[in-house]
Amino acid sequence: MKCEDARERMLEARRGADVPELAAHLETCEACRLENEADAALDVALGKLPRADTPASLRRDIETRIRPRRRSRASMLVAIALIAVIVAIVAWRRPAAASDPMITEAVNDHLRVLYADKPVEIASGGIHQVKPWFAGRLDFAPVMPFAGDDDFPLEGGSVAYFLDRKAAAFVFKRRLHTITVFVFRAEGLPWRGLSSEASSRGFNTILFRSGDLGYALVSDVDQNDLHMLATRIGYAARPR
Ligand SMILES: [Zn+2]
């Protein structure tokens, strides 16, 4: 197994999939082993974030420190330490709100996209390159009706996980902000109604279903901007 393939399958393995080739690779490759350990630590740290608004100043601090594309082990450790600080401060400030596992997952997955070594696995040459790239990497065909425009340029895509299943992550920009749109099979997930809009840990989220697919939009842009993008993707289409 090549390092490239190893990195692609690490998240899968950490979610419980049996990937014997990966275990063999990690025995012999220190770089991948360190990467996997750092990612596992980040998973744990993200899982501990309480479901309350993260102070905006700290969030910006995290983002600016670990935005660089090349993530070193040191920057990962700084990120994990910062997340631990946020956990402590937020837990001290207020009790955790009632949890919605869908929203928690959406925000965690968005953070994974932001903190990833390569946030976008395929750089966009437009939707016609992004969509076929997913073929063979997912067990469903992601439907993305919006190709991006000047207001919301499409940056690219990557494979992600949403709870127990694979998801397509489409990454859009809104000025300097990143918006991740996860597309996944909707069946068997703990939906609360047909759609929901919520704010969690300083991020805005919109979740909705369309046919067999579920969509989760997450970003630190304001709710109106997120709403504009969601509408372009097919959310709450108004009767004509
Ligand atoms: Zn390797």
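Here the residue numbers are simple positions, counted from 1 along each chain's written sequence. Only residues with pLDDT of at least 70 are given local features in this predicted model, and only at 80 or more are side-chain atom pairs given and counted; all residues enter the totals for whole chains, interfaces and linings. Where side-chain values are given, they derive from all heavy atoms of the structure, hydrogens and water being excluded.

Enquirer: What exactly am I supposed to notice about the coordination of the zinc ion here?
Expert: Geometry reference: four tetrahedral donors at a metal, ideal angle 109.5 degrees. Six octahedral donors, ideal angles 90 or 180 degrees. Taken together, the protein donors to the zinc ion comprise Cys 3 (SG), His 25 (NE2), Cys 29 (SG) and Cys 32 (SG), at separations of 2.1 to 2.3 Å. Only nitrogen, oxygen and sulfur atoms qualify as donors, and only when within 2.8 Å of the metal (3.2 Å in the case of Na, K and Ca); with water excluded, sites may look incomplete. All donor residues of the zinc ion come from one chain, and their arrangement in sequence is C-x21-H-x3-C-x2-C. Taken together, the residues span a long stretch of sequence, with Cys 3 in helix α1 (residues 3-14) and Cys 29 in the loop between α2 (20-28) and α3 (30-48) at a distance of 26 residues. The buried label applies to any residue whose accessible area, calculated with a 1.4 Å probe on protein chains only, is under 20% of its type's maximum; exposed applies above 50%, and partly exposed to all values in between. A relative accessible area of 13% means that Cys 29 is categorised as buried. Strands here are runs of E lasting at least two residues and helices are runs of H or I lasting at least four, both read from the DSSP assignment and numbered beginning at the N terminus.

Enquirer: How do you make sense of the pairing of strand β6 (residues 203-210) when you look at a structure like this?
Expert: Most of β6 is tucked away, with 6 of its 8 residues classed as buried. Strand pairing requires that DSSP identify at least two bridges connecting the strands. Two strands pair when backbone bridges link them, and strand β5 (residues 195-200) and β6 are joined in this way by 6 bridges, in the antiparallel orientation. Each bridged residue has a counterpart across the sheet, and for Ala 198 the counterpart in β6 is Thr 205. Hairpin connection from β5 to β6: 2 residues lie between these consecutive antiparallel strands, with Arg 201 at a positive phi of about 55 degrees. Here 7 bridges tie β6 to strand β7 (residues 213-219), and the two strands are oriented antiparallel to one another. Within the sheet, the bridge partner assigned to Arg 209 lies in β7 and is Gly 214. Here β6 folds back onto β7, and the loop between the two strands holds 2 residues, one of which, Gly 211, carries a positive phi near 60 degrees.

Enquirer: Got a minute to help me understand the packing of aromatic side chains in this structure?
Expert: Centre distance and the angle of the planes are the two values used to describe a pair of aromatic rings. The pairing test for Phe, Tyr and Trp rings, Trp by its six-membered ring, is centres within 6.5 Å, and the orientation test on the planes gives stacked under 30 degrees, edge-to-face over 60, and tilted for anything in between. Per the counting criterion, the structure on display carries 7 aromatic pairs. Ring plane angle 20 degrees and centroid distance 6.2 Å describe the contact between Phe 184 and Trp 191, whose orientation is recorded as stacked. Of the residues examined, Phe 184 reaches a relative accessible area of 0% and is grouped as buried. Taking the centre distance of 5.2 Å and the plane angle of 40 degrees together, the rings of Phe 208 and Tyr 235 count as tilted.

Enquirer: How do you make sense of α1 when you look at a structure like this?
Expert: Note that an α-helix has 3.6 residues per turn; residues three or four places apart therefore point the same way. Every helix has an expected span of 1.5 Å times one less than the residues it contains. The end-to-end C-alpha separation of α1 is 16 Å, in line with the 16 Å expected for 12 residues at 1.5 Å each. Residues Ala 6, Met 10, Leu 11 and Glu 12 constitute the buried set of α1. Following α1 by one or two positions, Gly 16 adopts a phi angle in the positive range, close to 110 degrees.

Enquirer: Explain the nonpolar core to me, please; I cannot follow it from the model alone.
Expert: Across soluble globular proteins, nonpolar side chains show a tendency to be buried alongside one another. To form a nonpolar core, buried Ala, Val, Leu, Ile, Met, Phe, Trp, Tyr and Cys residues must be joined to one another through side-chain atoms within 4.5 Å. By size, the foremost hydrophobic cluster in this structure holds 29 residues, and its most contacted members are Phe 162, Phe 182, Phe 184, Trp 191, Leu 207 and Ala 216. Those elements giving two or more residues to this core turn out to be α3, α5 (73-93), α6 (101-115), β2 (154-162), β3 (165-174), β4 (177-185), β6 and β7. Ranked by residues supplied to this core, first place goes to α6 with 8 residues. The contact criterion used throughout is that any non-hydrogen atoms of two residues lie within 4.5 Å. If we skip the residues at most four places from it in the chain, Trp 191 touches Met 102, Phe 184, Ala 186, Leu 207, Phe 208, Arg 209, Gly 214 and Tyr 215. One finds Phe 140, Met 144, Ile 206 and Leu 226 within the second-largest nonpolar core, a separate group that totals 28 residues.

Enquirer: Help me understand the confidence of the model for the chain in this model?
Expert: It should be kept in mind that the predicted coordinates are not to be read in detail where pLDDT is low. Of the residues in the chain, 82% have a pLDDT of 70 or more, and the chain-wide mean is 82. Within a predicted model, pLDDT stands for the predictor's per-residue confidence, ranging from 0 to 100. Element-level mean pLDDT values for the chain span from 59 in helix α4 (residues 56-66) up to 97 in β7.

Enquirer: Please explain unusual backbone geometry as it appears in this structure.
Expert: Excluding glycine, residues mostly carry a negative phi; peptide bonds, for their part, are mostly trans. Positive phi, normally seen in glycine, also occurs at Leu 163, with a value near 50 degrees. As for its position among the elements, Leu 163 is in the loop between β2 and β3. Unusually for a residue other than glycine, Arg 175 sits at a positive phi of about 50 degrees. Relative to the helices and strands, Arg 175 resides in the loop between β3 and β4.

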